[in-house]
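These are the residues of each chain, in order.
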Number of protein chains: 2
Amino acid sequence: MKIDVLPYYGKQTDNHLYNTTVIVVDVLRATTCMICALNGGADKIVPTVDAGDAVAIAGRLGQRECVLGGERGGIKISGFDLGNSPKEYLGRAVKNKTVIVSTTNGTGAIHSVRSADMVMLGAMINRTAVAKAAAARGDDVLIVCAGTEHQPSADDLCTAGAIIDAMHYYADFAEGDLSDMALICEKLYADMRDGSFDIKKTFHCARLLRLGFEEDVDFCFEEDATDTVPVYRDGIIQKL
Amino acid sequence: MKIDVLPYYGKQTDNHLYNTTVIVVDVLRATTCMICALNGGADKIVPTVDAGDAVAIAGRLGQRECVLGGERGGIKISGFDLGNSPKEYLGRAVKNKTVIVSTTNGTGAIHSVRSADMVMLGAMINRTAVAKAAAARGDDVLIVCAGTEHQPSADDLCTAGAIIDAMHYYADFAEGDLSDMALICEKLYADMRDGSFDIKKTFHCARLLRLGFEEDVDFCFEEDATDTVPVYRDGIIQKL
């Protein structure tokens, strides 16, 4: 069982997807929000790359059925109901609704792997649950980091490392099963845990802190807060 | 002055090249070999992506003028004079010759950045020299790792970290000047130095050790053995 990490999503991922369990990670904050939305009782989530598409789908469903969420550059999209703070997605704002979400990086990453057999969403808050669910399938695992504007983002790479760390409890790995990027992410996560790598100084995290989202960042880095594993299939995201 | 690291080369680099000093790294073993060839007295190096192109150029120049070097999958290309072991490039095999080189990843990485203003070649053996030369230009620096078959390779990322580590002596960085990938590479190099990250277990390095190239690996990871900084310009590589 091989584990690989794609440091940021792109068109080049198609040849990695055959017979592979994909875990998409956008820890700050899209995949964390989506986990929260399912925990908050959302009926389903529809991720769209384009914000206009989100509005169009909402128009077809009607306002009572759905809620619009998303951000660009960290800021809520004008006219949308919700931004990209996990706590917005926990309450009755989403209960029994179809949540239509468009974010800068996360929804693009999800769409980029839509031809995979199985796509799960991962974050720190469900790192052990998603690791266990992926290991149970037995296929090779590819963790696709959303990244930040087509650059690797340390927060996603640390989260990938945290998921790989948890997988050791549920799968046996031979020497060479972990790709170099997987080994590096695992080490980076250990460095973050022992305080020798400061995630708060990295680009995307520092930007969110400057924008005033410290509470969000702390929430997103809390480990194993939930067992929810979202799965993306046929254009929608629901609980496994 | 910003520092970024591209974990493996690709077509997406063109938008990074404007007003940028590029350092191409393929530490195991292409850029190490090229530094050795210039130290061995080679007149110039011509990197080609395609092995057939290398042969065609050699045919036009004539056998007395040039020497053919390169590998595929770590093994010398059939009919070529030299493989990809640095020590082959140090002796009189290359003296006053045009060395035409084609390797699996390194020459492709060099070609991918040919539209940049300044392209230097980096490795462990010249890490401080290349850091100093790049810092002296004052432009932003992009370290392009060759990677291994379009995957990130830990050996190149560690070397990028070693070059960034050396740059701190020659340039001042503000908070945020180092991209996430640059910060991660710097940390990975520190982890390799203190023994907490074992580079010999990573994919490309382990493969070379299995193929019997232990002496090469040790040679390639020796730091600051030379002041030679190769520069790629107008299709050829010569000393700065």
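Residue numbers run consecutively from 1 along every chain, following the written order of its sequence. As they are written, the chains are lettered A onward and the ligands numbered 1 onward, keeping that order. Predicted model: local features are reported for residues with pLDDT of at least 70 only, side-chain atom pairs are reported and counted for 80 or more only, and whole-chain, interface and lining totals are derived from all residues. Where side-chain values are given, they derive from all heavy atoms of the structure, hydrogens and water being excluded.

**Observations concerning helix α2 (residues 51-61) of chain A**
Residues and elements named next belong to chain A.
Turning to step 1, where the next piece is worked out: Partly exposed describes any residue whose relative accessible area lies between the buried limit of under 20% and the exposed limit of over 50%, with all areas from a 1.4 Å probe on protein chains only and scaled to the type maximum. Numbering of helices and strands starts at the N terminus; helices are DSSP runs of H or I of at least 4 residues and strands are runs of E of at least 2. Of the positions making up α2, those classed as buried are Ala51, Ala54 and Ala58. Across the axial projection of α2, the buried residues extend over an arc of 50°, all falling on one side. Opposite the buried face of α2, at more than 90 degrees from it, the exposed residues are Gly59 and Arg60.
Turning to step 2, where the next piece is worked out: Each element contacted by the buried residues of α2 is listed here: β4 (66-72) and β6 (98-102). Working note: the arc is built from the helix axis to C-beta atom directions. By definition, residues are in contact when any of their heavy atoms lie within 4.5 Å.

**Overview of the packing of helix α6 (residues 180-193) of chain A against helix α6 (residues 180-193) of chain B**
Turning to step 1, where the next piece is worked out: Lines fitted to the C-alpha atoms define the axes, with helices restricted to the stretch that makes contact. Angles between their N-to-C directions range from 0 to 180 degrees. Packing of α6(A) against α6(B) brings their axes to within 11 Å, and their N-to-C directions diverge by 85°. One way to sum up the angle between α6(A) and α6(B) is to call them roughly perpendicular. Of the residues in α6(B), those in contact with Met181(A), Ile184(A), Lys187(A), Leu188(A) and Asp191(A) of α6(A) are Met181(B), Ile184(B), Lys187(B), Leu188(B) and Asp191(B).
Turning to step 2, where the next piece is worked out: Just so you know the grouping, Ala, Val, Leu, Ile, Met, Phe, Trp, Tyr, Cys and Pro go in nonpolar, Asp, Glu, Lys and Arg go in charged, and all remaining residues, Gly too, go in polar. Residue composition of the contact of α6(A) with α6(B), grouped by class: six nonpolar, no polar and four charged. Should an angle fall under 35 degrees it is taken as roughly parallel, and over 145 as roughly antiparallel, whereas 65 to 115 is taken as roughly perpendicular and any remaining angle as oblique.

**A look at the pattern of salt bridges**
Turning to step 1, where the next piece is worked out: Any carboxyl oxygen of Asp or Glu within 4 Å of a side-chain nitrogen of Lys or Arg constitutes a salt bridge here. Inspection of the entire model under this criterion finds 26 salt bridges over all chains.
Turning to step 2, where the next piece is worked out: Here Arg207(A) ties to Glu149(A) by a salt bridge, and the two come within 3.5 Å at their closest N and O atoms. Of this pair, Arg207(A) sits in helix α7 (residues 203-210) while Glu149(A) sits in the loop between β8 (140-145) and α5 (154-167), and the two are 58 residues apart along the sequence.
Turning to step 3, where the next piece is worked out: Assessed through its relative accessible area of 18%, Arg207(A) is described here as buried.
Turning to step 4, where the next piece is worked out: The salt bridge involving Arg29(B) is made with Asp216(B); its shortest N-O contact spans 2.8 Å. Highlighted residues: Arg29(B) in the loop between β2 (20-25) and α1 (30-39) and Asp216(B) in helix α8 (residues 214-220), separated in sequence by 187 residues.

**Some points on the packing of helix α4 (residues 127-137) of chain B against helix α5 (residues 154-167) of chain B**
All names here are of chain B.
Turning to step 1, where the next piece is worked out: At a minimum axis separation of 8 Å, α4 and α5 run at an interaxial angle of 60°. Considered as vectors, α4 and α5 are oriented oblique to each other. Considering the relative orientation of α4 and α5, their crossing is right-handed. Taken together, the residues of α5 that come into contact with α4 (itself represented by Arg127, Thr128, Val130, Ala131, Ala134 and Ala135) are Ala162, Ile163, Asp165, Ala166 and Met167.
Turning to step 2, where the next piece is worked out: When its residues are assigned to classes, the contact of α4 with α5 shows eight nonpolar, one polar and two charged. Rotating anticlockwise by less than a right angle from the far helix to the near helix defines a left-handed crossing, while the corresponding clockwise rotation defines a right-handed one.

**A few points about the interface of chain A and chain B**
Turning to step 1, where the next piece is worked out: Across the contact, 24 residues belong to chain A and 24 residues belong to chain B.
Turning to step 2, where the next piece is worked out: Reported buried area values correspond to the accessible surface (1.4 Å probe) lost by two parts on association, with both partners' losses combined. Taken together, the two surfaces of chain A and chain B that pack against each other cover about 2,000 Å², and 58% of this comes from carbon and sulfur.
Turning to step 3, where the next piece is worked out: The largest contributions to the chain A side of the interface with chain B come from Asp180(A), Ile184(A) and Lys187(A), which together make up 28% of the buried area.
Turning to step 4, where the next piece is worked out: Remark: the boundary between chain A and chain B carries zero salt bridges.
Turning to step 5, where the next piece is worked out: Pairs of N or O atoms are called polar contacts if they sit within 3.5 Å, as long as, within protein, a hydrogen donor faces a hydrogen acceptor (for residues adjacent in sequence, only side-chain-to-side-chain pairs). For the interface between chain A and chain B, the tally reads six residue pairs in polar contact (both at pLDDT 80 or more).

**Side note on the relation of the copies chain A and chain B**
Turning to step 1, where the next piece is worked out: Superposing copies: least-squares fit, C-alpha atoms only, residues required to have pLDDT of at least 70 in both. Superposition of chain A onto chain B requires a rotation of 180° combined with a translation of 0.0 Å along the rotation axis, giving an RMSD of 0.0 Å. Taken together, the rotation angle and the small translation identify this as a two-fold axis. Among all residues of chain A, the minimum C-alpha distance to the rotation axis is found for Leu188(A), at 4.0 Å.
Turning to step 2, where the next piece is worked out: When the interface residues of chain A are mapped onto chain B, 100% of them again lie at the interface, so the same face is used by both copies.

**What about the packing of aromatic side chains?**
Turning to step 1, where the next piece is worked out: Each Phe, Tyr or Trp ring, with Trp reduced to its six-membered ring, pairs with another whose centre is within 6.5 Å; inter-plane angles below 30 degrees give stacked pairs, above 60 give edge-to-face pairs, and intermediate values give tilted ones. Overall, the coordinates contain zero aromatic pairs over all chains when judged by the stated rule.
Turning to step 2, where the next piece is worked out: Geometrically, a lysine NZ or arginine CZ counts as sitting over a ring once it is within 6 Å of the ring centre and also within 35 degrees of the ring normal. The ring of Phe213(A) is capped by Arg29(A), whose NZ or CZ atom sits 4.3 Å from the centre of that ring.

**Thoughts on α7(A)**
Turning to step 1, where the next piece is worked out: Listing the buried residues of α7(A) in full gives His204(A), Cys205(A), Ala206(A), Arg207(A) and Leu208(A).
Turning to step 2, where the next piece is worked out: Against the buried residues of α7(A) lie α5 and α8 (214-220) of chain A.

**Observations regarding the side chain of Asp191(B)**
Turning to step 1, where the next piece is worked out: Tracing the backbone shows Asp191(B) in helix α6.
Turning to step 2, where the next piece is worked out: A residue is classified by how much of its surface remains accessible, and Asp191(B), at 2% relative accessible area, is buried.
Turning to step 3, where the next piece is worked out: Excluding anything up to four places from it in sequence, Asp191(B) contacts Lys187(A), Asp191(A), Ser196(B) and Phe197(B).

**Some thoughts on the pairing of strand β7 (residues 118-122) of chain B**
All names here are of chain B.
Turning to step 1, where the next piece is worked out: A large share of β7 lies buried, amounting to five of its five residues.
Turning to step 2, where the next piece is worked out: The two faces of β7 match: Met118, Met120 and Gly122 on one face and Val119 and Leu121 on the other face are all buried.
Turning to step 3, where the next piece is worked out: Should DSSP find at least two bridges between two strands, the strands are taken to pair. With two bridges connecting them, β7 and strand β9 (residues 230-233) associate as antiparallel partners. Among the inter-strand pairings, Met120 is bridged to a residue of β9, identified as Val231.

**Digging into the environment of Gly62(A)**
Turning to step 1, where the next piece is worked out: Inspection of the secondary structure puts Gly62(A) in the loop between α2 and β4.
Turning to step 2, where the next piece is worked out: As a C-alpha pair, Gly62(A) and Leu17(A) span 45 residues in sequence and 35 Å in three-dimensional space.

**Observations concerning the nonpolar core**
Turning to step 1, where the next piece is worked out: In terms of nonpolar packing, the biggest core is built from 160 residues, with Val5(A) and Val5(B) touching the most fellow members.
Turning to step 2, where the next piece is worked out: In this view, Val5(A) contacts Leu142(A), Ile143(A), Cys145(A), Leu157(A), Ala160(A), Ile164(A), Ser179(A), Met181(A), Ala182(A) and Cys185(A); residues no more than four positions away in its chain are not counted.
Turning to step 3, where the next piece is worked out: Counting nine residues, the second-largest nonpolar core is a separate cluster that includes Val46(A), Ala51(A), Ala54(A) and Ile77(A). Remark: nonpolar core denotes a set of buried residues (Ala, Val, Leu, Ile, Met, Phe, Trp, Tyr, Cys) joined through side-chain atoms within 4.5 Å.

**Considerations on the side chain of Asp216(B)**
Turning to step 1, where the next piece is worked out: For Asp216(B), a relative accessible area of 9% puts it in the buried group.
Turning to step 2, where the next piece is worked out: Asp216(B) has contacts with Arg29(B), Asn84(B), Ser85(B) and Pro86(B), leaving out every residue within four places of it along the chain.

**A few points about the confidence of the model for chain A**
Residues and elements named next belong to chain A.
Turning to step 1, where the next piece is worked out: For chain A, the mean per-residue pLDDT works out to 94, and 99% of the residues sit at or above 70.
Turning to step 2, where the next piece is worked out: Ranking the helices and strands of chain A by mean pLDDT puts α5 first, with 98, and strand β5 (residues 75-76) last, with 91.
Turning to step 3, where the next piece is worked out: Our summary of model confidence lists the complex with pTM equal to 0.91 and ipTM equal to 0.87. Note: pLDDT gives the predictor's confidence per residue, expressed from 0 to 100.

**So, the environment of Ala129(A)**
Turning to step 1, where the next piece is worked out: By the secondary structure assignment, Ala129(A) is in helix α4 (residues 127-137).
Turning to step 2, where the next piece is worked out: Linking Ala129(A) and Pro47(A), residues 82 residues apart in sequence, is a C-alpha distance of 22 Å.

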